[in-house]
Structure formats: C-alpha cells, structure tokens
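# A look at the structure
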Amino acid sequence: MTVRLMLAILFACSLTGCKKEPPPIVAVSGIITLDGKPLPKVEVRFYPEESGLPGDYIAIAVTDDDGKYTLMTNNQSGACVGVNKVTISEGPPPEGARSQEKFDLYKATLKNRPIPEHYGTLASSPLTITVSADKTDYPIALKRR
C-alpha cells in the first residue's frame, strides 16, 4: 500500500468516524459457588474490556436456586468474546419483597451469604474471564477471605 493511499484512508476514517466492529457474542453459562457451595439469586455481570463499546454490551444474569446462570447481552444470549471483568452482587429482590420488612424476610431465606463485598464492584473485583468462541461453560468459584 502506498503512503498516499494509507493517508487517504486515515483521513476518510477521521471524517466519517470509522467504527470498529464489536466482538461476537457467544453463549456463556455456568455455576457460581462460594466456598464450594452454590450461590443462588446473585447478579453476575461481564464487562468487556475492549474499549469503545457501549453499555449495552455488558452481559447480565441472575443465578437460579442452584447457582446456575446464563448471560444475556444486547438482547442476545451470551457475552462478548474476549477479556471480561466480572462482578458478583446481590440480585434484585422479587416483586413481593419491595418493602423493608418483606425484604428482610426474603434476605433471611438466601443461602450461602454474605457475599464478600470485593466481588461487587469493578474497582475491587479480582475476577477476569476470557470468553472464547469455542467454550460455553464458565464456572465461577468465589472464596471468603
């Protein structure tokens, strides 16, 4: 490629805002455990580390009673291929537990609690998972310090 052609392409991209294609979204599921026991009713989020992606590429799921999750991203099943920072936090309470009294009763029924706080935020979570197109099962094993 000649230097002029390369400069012309770079100039055209700067004018039109050439966009990088987002990574593919592939099926991602697994089980979350805390000290070897399933962690039910928690929210798991995979934040792709690729720069420039909008927030709708964050993959989200809530575990079932057995700690199993299946991620959804941008209205699709799965997560972005590549490196993802992962957070684990309490899931949303059910509709019937919106008052403080009912929420406290609901919280008392949750097993394997409390979740260590450092898993709950991007700044403190030590969890990073590399999603690949040829793998779908991503178990996450958390530990209390």
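Look up: the structure comes first, before these words.
Residues numbered from 1 in each chain as written. Predicted model: local features only at pLDDT ≥ 70, side-chain atom pairs only at ≥ 80, totals over all residues. Heavy atoms only, no water.

## Describing the overall build of the chain
- From N to C terminus, the chain includes two helices and twelve strands.
- In the chain, the succession of helices and strands from N to C terminus is α-β-β-β-β-β-β-β-β-β-β-α-β-β.
- Out of the 145 residues in the chain, the part that is buried amounts to 34%.
- Partitioning the contacts of the chain with sequence separation of at least 6, the portion at a separation of at least 24 is 70%.
- Working note: accessible area of the chain is about 9,100 Å², and carbon and sulfur atoms make up 58% of it. (Helix = DSSP H or I, 4+ residues; strand = E, 2+ residues; numbered from the N terminus. Buried < 20%, exposed > 50% of the residue type's maximum accessible area, 1.4 Å probe, protein only. Contact = heavy atoms within 4.5 Å. Areas by Shrake-Rupley, 256 points an atom, 1.4 Å probe, with all protein chains shown as cover.)

## Considerations on the side chain of Arg-113
- With respect to the helices and strands, the residue Arg-113 is situated in the loop between α2 (100-109) and β11 (128-131).
- Within polar-contact distance, the side chain of Arg-113 engages the side chain of Glu-90 at 2.8 Å.
- Setting aside residues up to four positions removed in sequence, Arg-113 forms contacts with Leu-39, Pro-40, Lys-41, Val-42, Glu-90 and Arg-144. (Polar contact = N/O pair within 3.5 Å; in protein donor to acceptor, adjacent residues only side chain to side chain.)

## Examining the pairing of strand β4 (residues 42-48)
- Counting buried positions along β4 yields six of seven residues, so the element is predominantly enclosed.
- Here β4 runs beside strand β10 (residues 82-90); their pairing, made up of seven bridges, is antiparallel. Opposite Val-44, over in β10, you have Ile-88 as the bridge partner.
- Relative to strand β5 (residues 59-62), β4 is paired through four bridges, and the arrangement is antiparallel. (Pairing = 2+ DSSP bridges.)

## Details of the nonpolar core
- In terms of nonpolar packing, the biggest core is built from 23 residues, with Val-44, Phe-46, Tyr-69, Ile-88 and Ile-140 touching the most fellow members.
- When contributions to this core are tallied by element, the ones reaching two or more residues are β2 (29-34), β4, β5, β10, β11 and β12 (140-142).
- The leading source of residues in this core is β4, at three residues. (Core = buried A, V, L, I, M, F, W, Y, C linked by side-chain atoms within 4.5 Å.)

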